[in-house]
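# Inside the fold
Next come the chains, spelled out residue by residue.
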Amino acid sequence: MGDPKSVDPAAPGTVDPFLAKSIDPAAIEMLHHAEDCGIGTAFTRADDMKPCPIGESGACCRICSMGPCRLVGKGSQEKTGVCGADQPTIASRHFARQVAGGVAAHSDHGRDMALTLLAAANGSAPDYVIKDEQKLMVVAGYLGVATAGREVNEIAVEVAEVALDQFGQPHGDIIYTKRATAKRQALWKKLGITPRAVDREVTEVMHRTHEGVDLDAENILKSALRCSLADGWGGAMLSTDISDILFGTPSPLTSEVNLGVLKADQVNIVVHGHEPSLSAMMVEASRDPEMIAEAQAKGAAGINLAGICCTANEILMRYGIPPAGNFLHQELAVLTGAVEVMVVDVQCIMQALSPLAQRFHTKLVTTSPKARIPGAEHVQFDEATALDTAKALVRMAIDNYPNRGPVHIPDYHEPLVAGFSHEYLNYMQGGFHRASFRPLNDAIIAGRVRGLAGIVGCNNARVTQDLAIVELIKSFIARDVMVVVTGCAATAGAKAGFLSPEILDAAGPGLREVMEAIGIPPVLHLGSCVDNSRILTVLTQVATEGGLGEDIDDLPAVGLCPEWMCEKAVAIGTYFAASGAHVIFGVGSPVRASSEVTRLMTTGWEELVGGSLEFEPDWEKMLARSLELIDAKRAALKLPAYDPSQFGASGDTLYFEAVRDQLSGRGGKPADGTHSLSHDHDHDHDHGHEHATPAAHVDATEA
Ligand code: BF8
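Residues numbered from 1 in each chain as written. Predicted model: local features only at pLDDT ≥ 70, side-chain atom pairs only at ≥ 80, totals over all residues. Heavy atoms only, no water.

## Description of the overall build of the chain
To keep it simple, the criterion reads: In DSSP terms, a helix is any run of H or I states spanning at least four residues, a strand is any run of E spanning at least two, and both are numbered starting from the N terminus. Contact criterion: two residues are considered in contact whenever any of their non-hydrogen atoms come within 4.5 Å of each other. Surface accessibility follows the Shrake-Rupley procedure with a 1.4 Å probe radius. Residue values consider only the protein chains on display as shielding.
Along the backbone of the chain there are 26 helices and 16 strands. Within the chain, contacts between residues separated by at least 24 positions form 76% of all contacts whose residues are at least 6 apart in sequence. For the chain, the exposed area adds up to about 24700 Å²; of that, 54% sits on carbon and sulfur atoms.

Here you go:
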């Protein structure tokens, strides 16, 4: 799988060109279908539209109208633009603006969540309730909101207002930076990069990178670090917390993933985008018995809701709604001809969906005042009438069901376990009374777990879809590195079977022992891209639990974004680096035109903040570099060198086989235990969105 030179079994002797496009057989099947229909997708448009080599490498300055200035050719490192801006200035300005763009997107999402919480709490959005009061109390504590003797909604109003202040406060620092280790807070203060307010940091980067302001690459990059922290420890972290308050803090549950979750005999609705406020209402509306009866009256067996991109992750983590795929699957979902309505909100929505939907009966519906697409219908979403709007959208899909033409649903759907929050990980390592990260820390110290890897981010049509993500997941767990995933990388891993309960068999001996003892799989789905903040929280707790240094930069941990595509990914990579993590991105470097900026972001940032941001397109080199970084941190902590021969299969194996079989709803396991994409011919299966009970894990710990 994933070998571009593979021979197409359907036509012996010929090479299937689409094998170079994706490792996902569902995608490959749909690319053939698209070709048969004469329709192009991002996969094929990437061949037709080569990236501009000057802009791609950070050598193009478009800041003013004396340019664009292009510093290329012989002696490019010494060239300057018309104003005299040199290569480091140009590359770092461009990079900082990417960070600001990503921070703005994530954090505006976070602001919307705070506004939804405010509306829910003050009664102006009656369809929303506070689902997780315990989390509200914890967040109130972080934000300095008094709770004693107060009504839940009164507390929630103040929490929302303090959260909103974090975006535009004129004075002070972002409160959540206090959740970092004491050492990290002190370092940020010393360097002058503690973020003050989200909007201020974004604005300041835009100002500094305007023509003729900050012309020192090192200083520009410092402002990028500060701006990114306003996302990681500000907008994104608030977004995660407020989503948990409103929709519930995730706990493990099972579901399925890939285009095969669409159902030939049901009304299919796909929600695509990022914010859970509408998609959560769509879950409710699609489960309404009246709506289901209306669908049945039109001849459908029921209503099937599925997701694409991060809104899929939001409703997977909390309701078990199956993701139909990641970023590059959005067009493929429409190409099935089985989607009655695709409802989109903000971010990662391709304009190509609009002309594509018009080739089918699919209605593309925009819902955010911030995001319209020519050719799409617009149904404005308003929190005040949230459920009514969701029902209207479901009804639009039901009414469209009889207009459906031929359907081509690739029959691939893989079981998965998702729903791992920081809170749940804490709980499962000690129960309500002894919640801690001690077992994980001890396992890392002993060497059973070699280290931690966070694999996050997008698909990118310039590289083989999912290949680097899946190969890295597979390689890490085989080498006893525990993996956490978010965003489209999580969906990639899930499609390849790495979030299925059976995958314990693919883990190395030490990791397997620990995962069996704690009762968690070796690959943990932590949620959407804003939920990368959960990884910051986990790393901070691991750092403060004891035995592994004092801060994130002491930990044997790496962050990877193998298929990064958008500015949000750049912001995430930067805030992890600013928080002390070594981060490696795939695809290619947006600053490679400047050797000085490349140096500043690697060895320069390592000296400054303990973390770094590297770019390496080859996944095998990403793996080798990650293991080198992890082992170097182990050595610096004076931990025993990683030695897999020390650990063997634990005595729990038979018991856990039974647990896994129960979770997967299957009687057996695949022969090799690795990414066996299921390919049966039963479209009428139930997705089985059951919560994996904490009790199973508690029992497991005691077994
Ligand atoms: O916010 S991983 S392609 S969907 S940007 Fe977009 Fe990238 Fe997917 Fe989630 Ni994150």
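## Quick notes on the pairing of strand 7 (residues 339-344)
To keep it simple, the criterion reads: Think of it in three bands: with a 1.4 Å probe and only protein chains considered, a residue is buried below 20% of the maximum accessible area for its type, exposed above 50%, and partly exposed in between. Criterion used throughout: strands pair if DSSP finds at least two bridges between them. Consider the strands pointing away from the viewer: the crossover is right-handed when the path from the first strand over the helix to the second runs clockwise.
Burial analysis of strand 7 places six of its six residues in the buried class, which makes it a mostly covered element. Of the strand pairs in this sheet, strand 7 and strand 8 (residues 363-366) are connected by four bridges, and their pairing is parallel. The residue of strand 8 that forms the bridge with V344 is T366. Handedness of the strand 7-helix 14 (residues 353-358)-strand 8 crossover: right-handed.

## Re the confidence of the model for the chain
Convention followed: The predictor attaches a confidence to each residue, and that confidence, scored 0 to 100, is pLDDT.
Looking at the chain as a whole, its pLDDT mean stands at 91, while 89% of the residues score no less than 70. Per-residue pLDDT stays below 50 along residues 666-703; that stretch engages in 95 contacts with residues further than four places along the chain or on separate chains.

## A word on the packing of helix 6 (residues 152-168) against helix 9 (residues 217-247)
Helix-helix packing: each pair is described by the crossing angle between the helix axes and the interaxial distance. To be explicit about the condition: Interaxial angles span 0 to 180 degrees and are taken between N-to-C directions of axes, which are lines fitted to C-alpha atoms, for helices over the stretch in contact. Geometric relationships in this document are graded by angle, where less than 35 degrees denotes roughly parallel, more than 145 denotes roughly antiparallel, 65 to 115 denotes roughly perpendicular, and other angles denote oblique. Take the far helix as your reference; a near helix turned counterclockwise from it by less than a right angle gives a left-handed crossing, and one turned clockwise gives a right-handed crossing.
Interhelical geometry of helix 6 versus helix 9 gives an angle of 165° and a closest axis separation of 11 Å. Regarding the angle of helix 6 to helix 9, the classification is roughly antiparallel. Note on packing geometry: the crossing formed by helix 6 with helix 9 is left-handed. On the side of helix 6, the interface is formed by A163, Q166 and F167, while helix 9 contributes G235, L238 and I242.

## Here's the deal with the pairing of strand 5 (residues 303-308)
Of all the six residues making up strand 5, six are buried; the element is thus mostly covered by neighbouring parts of the structure. Because side chains alternate across strand 5, one face comprises the buried residues I303, L305 and G307, and the other comprises N304, A306 and I308, equally buried. Pairing of strand 5 with strand 6 (residues 323-325) involves two bridges; the strand directions are parallel. Counterpart to I308 in the pairing with strand 6 is G325.

## Some remarks on unusual backbone geometry
The amide bond that connects G67 to the next residue, P68, takes the cis arrangement and shows omega of 0°. Even without glycine at this site, Q347 takes up a positive phi of about 75°. Inspection of the secondary structure assignment puts Q347 in the loop between strand 7 and helix 14. With phi around 65°, C348 is a residue other than glycine that occupies positive phi space. Its location among the elements puts C348 in the loop between strand 7 and helix 14. Taking the relative accessible area as the measure of exposure, C348 reaches 21% and is therefore partly exposed.

## Some points on the sheet that holds strand 13 (residues 523-527)
Taken together, six strands build an open sheet; the order of strands is 13-12-11-14-15-16 and the sheet is parallel. Since the sheet does not close on itself, it has two edges, and those belong to strand 13 and strand 16 (612-615), each with one partner. Each strand axis lies, on average, 20° off the axis of its neighbour in the sheet, ignoring direction. For strand 15 (residues 582-585) and strand 16, the ladder comprises four bridges, and the chain directions are parallel.

## Digging into the sheet that holds strand 7
Strand order in the open sheet formed by six strands is 6-5-4-7-8-9, with parallel pairing between adjacent strands. In the strand order of this sheet, the two ends are held by strand 6 and strand 9 (377-378), each with one partner. Of the pairings in the sheet, the one linking strand 4 (residues 267-272) to strand 5 comprises six bridges and is parallel in character. By the bridge assignment for strand 5, V271 is matched with G307. Contacting strand 4, strand 5 and strand 6, helix 12 (residues 309-319) runs over the sheet at an angle of about 120° to strand 5. Sitting on the sheet, helix 15 (residues 386-400) touches strand 4, strand 5, strand 7, strand 8 and strand 9, and the angle it makes with strand 7 is about 155°.

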